[in-house]
2 protein chains.
Amino acid sequence: MTSSIFRCAAALALAAALGACATTPALLAPPGRGSGDLGVVIERESGTLGVLDTSARQRLGSIEGLGDLSHASVVYGRDGATAYVFGRDGALTEVNLLTGRIEARVQQAGNSIGGAISTDGTLVAAQNYQPGGIKVFNARTLELLADIPAVVDGKPSRVVGLADIPRNRFIYSLFDAGQIWIADLNDPAHPVLTKFAGIGKQPYDALVTPDGRYYIAGLFGEDGLAKIDLWAAQPKVERILPGYGRGEQPLPVFKMPHLRGWAVAGRRAYLPAIGHHEVLVVDIDTWQEVGRIAVAGQPVFVMARPDGRQVWVNFAVPDYDTVQVIDTQTLTIVHSLKPGKAVLHMEFTPRGDAVWISSRDAGHISVIDTQSFETLAVLPAQSPSGIFFTSRAARTGF
Amino acid sequence: MTSSIFRCAAALALAAALGACATTPALLAPPGRGSGDLGVVIERESGTLGVLDTSARQRLGSIEGLGDLSHASVVYGRDGATAYVFGRDGALTEVNLLTGRIEARVQQAGNSIGGAISTDGTLVAAQNYQPGGIKVFNARTLELLADIPAVVDGKPSRVVGLADIPRNRFIYSLFDAGQIWIADLNDPAHPVLTKFAGIGKQPYDALVTPDGRYYIAGLFGEDGLAKIDLWAAQPKVERILPGYGRGEQPLPVFKMPHLRGWAVAGRRAYLPAIGHHEVLVVDIDTWQEVGRIAVAGQPVFVMARPDGRQVWVNFAVPDYDTVQVIDTQTLTIVHSLKPGKAVLHMEFTPRGDAVWISSRDAGHISVIDTQSFETLAVLPAQSPSGIFFTSRAARTGF
């Protein structure tokens, strides 16, 4: 045994001495390291991904060469090590967090706004502004499998609010046409489309509730939201929260809030009020507003800790250095913090013990204990924006 | 580039020719493969773990030498590749699913009934029948860090219902003493204990709700259940469901159902009725029974699909070849299946598209599509019992 270990070490030393694997960069993680506690941060200006380790609260390394990463977003393959990065420039890149390598890359559109992955992990879909529609790729090779234009009355439409729903289907909204479509990709060569028309003007973003039951699209062109109950025998579009939106709008809107940031905790949803310094509380059985909570600015992301006990809120300019924490039992703000200038995103660890917050202009990520609000770590990052943990692989609509 | 690849290949061939790594078995998975879609099945008679790939719906391989695995259970480290196997014989084994290797193993008690891992992943706790109490280990090395006897009035007590709760705390029940204890392990050298006495006779199992809010212990010695609201400012024990238990008991009880199998979906919990051919429906706001569903036998595991839309039930002898599916919207049985004799366990893939069912006497695992109820795969396994997927790493109380 000793001699074979010696021989193994000697052979590896020999291989190293030969410069044998010089063209292959070192792995970011040793063999046997799992992917469950990893994640990435988008470094928009440098076009890099920082690979994050939420157990050690460290950066494992960087993956370079991702192009324009402003407003980039990420989804994960079922194994949690494979990440798909959707660049605003229309590039789709498949990377591996454990090896740190780019596995495949395709320039799939002129202007893209994110994507989704099918339940079985075999299909990646991108939603596009230019030329509109969605494209569906083989998740391993990024070979194009289906190109589904979003043309209504002869006019192409930009696509937003793309999300996976069970059985290898994708649901999305057509901004220009005011429709919601479901594409069934069980046979990628023959997508089956179900279309909902007349949903309202200019859907600008959408979400699927954590149980996959409701698809809800925000409307830029009018008040209220469009909702579909995907569990209904005959799904149809209903309008909810008629007062929600730009409406009378006593305040200018500095940034349209992300619907994907909606928090659903227990039987309540917590929504960013548009243009107001408020978070709305909605009963998701009746879809009626049941309360409002005054906050420090115009909310952008309103995110529930995984256990639903807290909701964390960040804000548009000029209050974008601040984060506030709402206790969902008392509906009061229990903590305010200033983790750094230009807070762009927040991501909870899977069991909710910590939240990772990116502060773009401060050039760092803060790791905060969600119980004591103590800062556990501050990690350098170049203009960090979105933070995406691999635990998203296990969730519908992420 | 070509020559360096050649040199790399040559050096690796040389290493292989030297038999350099002959003592190291091949990895179960290639470098770069993540752990998010893996799992294990306990093969009780052979003392092996089958390593499962839920994407390919295949076995990746086996890990041998685990000892007595009857009633064995598994928890996962934060990275999802490290699994801790608690054998009924008191052995605790740390294995790696990607390498297929045993990393550490310790004979920690004479008779053990499972364990838990701390939120930060650094501490593994085992609950013991013999000699009773819990032991806490360094999760990497399995070095003993804390030995916490469960002695009340001079008598040692068996420990059951151990679960992790936030902030590196563990909660558990003392079968013989009728108490619930919380051990705060933030400083493992100085555990801080909080004790709840007079909870009722003979707590035999317990669970934490998915949000980590409620700890609920079943009582073998009397009717009803003991509940603690861990979010309360001053947590205290309350008795709920006074009619739940052995009670008048018109039917013999063939197997005490697993409380850990309780399904919590939306605002309802679905419980195995003890001794009856029924599943109870309970409102978790009021903790009142709101319905009963007649089923094929005495339920053992009552488990919710991750989206809460379905609840799957298996049964004690003589109905242990059957599984039934309840639709939570209509509270009716929508499907019955017979996947094989002696169904012992069921585990859902993280997004709920499939369920994996072990049939001990049939010697196989069935992979079932939860929407079409089609059998997607049947995999051989030697007397399979518990199935544990790595997605448990992201959940409190698992």
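Residues numbered from 1 in each chain as written. Chains lettered and ligands numbered in written order. Predicted model: local features only at pLDDT ≥ 70, side-chain atom pairs only at ≥ 80, totals over all residues. Heavy atoms only, no water.

Visitor: Account for the overall build of chain A, with residues named and values stated.
Guide: Within chain A one finds one helix and 34 strands. Against the globule reference of 21 Å for 398 residues, chain A gives a C-alpha radius of gyration of 22 Å, in line with a compact fold. Its C-alpha atoms give chain A principal-axis dimensions of about 75 × 50 × 35 Å. Relative to its 398 residues, chain A shows a buried fraction of 58%. By sequence separation, contacts in chain A at least 24 residues apart represent 42% of the contacts at least 6 residues apart. Accessible surface computed for chain A: about 14900 Å², of which carbon and sulfur atoms make up 51%. Looking at chain A, you have 35 positive and 38 negative side-chain charges, and the mean spots of the two groups are 1 Å apart. (Helix = DSSP H or I, 4+ residues; strand = E, 2+ residues; numbered from the N terminus. Rg over C-alpha atoms; globule rule 2.2 N^0.38 Å. Buried < 20%, exposed > 50% of the residue type's maximum accessible area, 1.4 Å probe, protein only. Contact = heavy atoms within 4.5 Å. Areas by Shrake-Rupley, 256 points an atom, 1.4 Å probe, with all protein chains shown as cover. Lys, Arg positive; Asp, Glu negative; His and termini not counted. Charge placed at Lys NZ, Arg CZ, Asp CG, Glu CD.)

Visitor: Pulling in residues and values, what's your account of unusual backbone geometry?
Guide: All names here are of chain A. For the bond running from Gln130 to Pro131, omega is 15 degrees, close enough to zero to count as cis. With respect to the helices and strands, Pro131 occurs in the loop between β9 (123-130) and β10 (134-138). One non-glycine residue, Asn168, lies in the positive phi region at around 55 degrees. Residue placement: Asn168 occurs in the loop between β14 (159-165) and β15 (169-174). Taking relative accessible area as the criterion, Asn168 reaches 9% and is therefore assigned buried. One non-glycine residue, Leu331, adopts positive backbone phi at about 55 degrees. Looking at the secondary structure, you find Leu331 in the loop between β28 (323-327) and β29 (332-337).

Visitor: Summarise the packing of aromatic side chains; cite the residues concerned and give the values.
Guide: The description of an aromatic ring pair rests on the distance of the ring centres and on the angle between the ring planes. Applying the stated criterion to the full structure yields twelve aromatic pairs over all chains. A ring pair is formed by Trp312 of chain B and Phe373 of chain B, whose centres lie 6.0 Å apart and whose planes are at 50 degrees; its orientation type is tilted. Residue Trp312 of chain B is located in strand β27 (residues 310-315), and its partner Phe373 of chain B is located in the loop between β32 (364-369) and β33 (375-380); the two are separated by 61 residues in the primary sequence. We note that Trp312 of chain B, like Phe373 of chain B, is buried. Feature note: the residues Trp312, Phe348 and Phe373 of chain A constitute an aromatic cluster, connected by ring pairs. Lying over the aromatic face of Trp181 of chain A, Lys195 of chain A brings its terminal NZ or CZ to 4.2 Å of the ring centre. (Phe/Tyr/Trp six-rings, centres within 6.5 Å; stacked < 30°, edge-to-face > 60°. Lys NZ or Arg CZ within 6 Å of the ring centre and 35° of its normal.)

Visitor: Give a description of the confidence of the model for chain A that names residues and reports values.
Guide: All names here are of chain A. Here chain A averages 90 in pLDDT, while 90% of its residues score no lower than 70. Every residue in residues 1-23 scores below 50 in pLDDT, and together they form 24 contacts with partners more than four places removed in sequence or on other chains. Two summary scores accompany this predicted model of the complex, namely pTM at 0.92 and ipTM at 0.91. (pLDDT = per-residue confidence, 0-100.)

Visitor: Outline the pattern of salt bridges, listing residues and values.
Guide: Residue and element names in this part refer to chain A. In this structure the tally under the stated criterion is 34 salt bridges over all chains. Residue Arg392 is joined to Glu347 by a salt bridge in which the shortest nitrogen-to-oxygen separation is 2.8 Å. Residue Arg392 is found in the segment after β34 (384-389), and its partner Glu347 is found in strand β30 (residues 343-348); the two are separated by 45 residues along the sequence. You can call Arg392 buried: its relative accessible area is 11%. According to the relative accessible area criterion, Glu347 is buried, its value standing at 5%. (Salt bridge = Lys/Arg side-chain N within 4 Å of Asp/Glu carboxyl O.)

Visitor: Could you give me a rundown of the pairing of strand β23 (residues 268-272) of chain A, with the residues and numbers involved?
Guide: Residue and element names in this part refer to chain A. The element β23 is largely enclosed, with a buried count of four among its five residues. Across three bridges, strand β22 (residues 263-265) lies against β23 in antiparallel orientation. Pairing of Val264 across the sheet is with Ala269, part of β23. With antiparallel pairing between neighbouring strands as the criterion, β22 and β23 make up a hairpin whose turn holds two residues, including Gly266 at a positive phi of roughly 60 degrees. Where β23 and strand β24 (residues 278-283) come together, five bridges link them in antiparallel fashion. Paired with Pro272 across the two strands is Val279, which belongs to β24. Here β23 hands over to β24 after five residues, with Gly275 in that stretch at a positive phi of 80 degrees. (Pairing = 2+ DSSP bridges.)

Visitor: Describe the sheet that holds strand β7 (residues 101-107) of chain B, listing the residues and the values that go with them.
Guide: Within a beta sheet, neighbouring strands are joined by backbone hydrogen bonds and run either parallel or antiparallel to one another. Residue and element names in this part refer to chain B. Read from one edge of the open sheet, four strands run β4-β5-β6-β7, paired in antiparallel fashion. The open sheet has two edge strands, β4 (73-76) and β7, and neither has a second partner. Averaged over all pairs of adjacent strands, the angle between their axes in this sheet comes to 20 degrees, without regard to strand direction. Across four bridges, the pairing between β4 and strand β5 (residues 82-86) is antiparallel. Across the sheet, residue Ser73 finds its bridge partner in β5, namely Phe86. (Axes fitted to C-alpha atoms, helices over the stretch in contact; angles between N-to-C directions.)

Visitor: If you had to explain the sheet that holds β33 of chain B to someone new, which residues and values would you point to?
Guide: All names here are of chain B. As summarised here, the arrangement of the four strands in space is β30-β31-β32-β33, forming an open sheet in which the pairing is antiparallel. Among the strands making up the open sheet, the edge pair consists of β30 (343-348) and β33. The average undirected angle you get between the axes of adjacent strands in this sheet is 20 degrees. The sheet contact formed by β30 and strand β31 (residues 354-359) spans five bridges and is antiparallel. Within the sheet, the bridge partner assigned to Glu347 lies in β31 and is Trp356.

Visitor: I'd like a description of the side chain of His345 of chain A, backed by residues and values.
Guide: Residues and elements named next belong to chain A. Mapped onto the secondary structure, His345 falls in strand β30. On the basis of relative accessibility, which here comes to 6%, the residue His345 falls in the buried class. Side-chain polar atoms of His345 contact the backbone nitrogen of Ile387, separated by 2.8 Å. Discounting chain neighbours no more than four positions away, the residues touching His345 are Phe301, Asn314, Trp356, Ile357, Ser358, Ser385, Gly386, Ile387 and Arg392. (Polar contact = N/O pair within 3.5 Å; in protein donor to acceptor, adjacent residues only side chain to side chain.)

Visitor: Please set out the environment of Val311 of chain B residue by residue, giving values where relevant.
Guide: Residues and elements named next belong to chain B. As for its position among the elements, Val311 is in strand β27. Sequence separation of Val311 and Asp327 is 16 residues, and the distance between their C-alpha atoms is 6.6 Å. Beyond its immediate stretch of four places on either side in the chain, Val311 contacts Ala263, Tyr270, Val302, Met303, Ala304, Gln324, Val325, Ile326 and Thr328.

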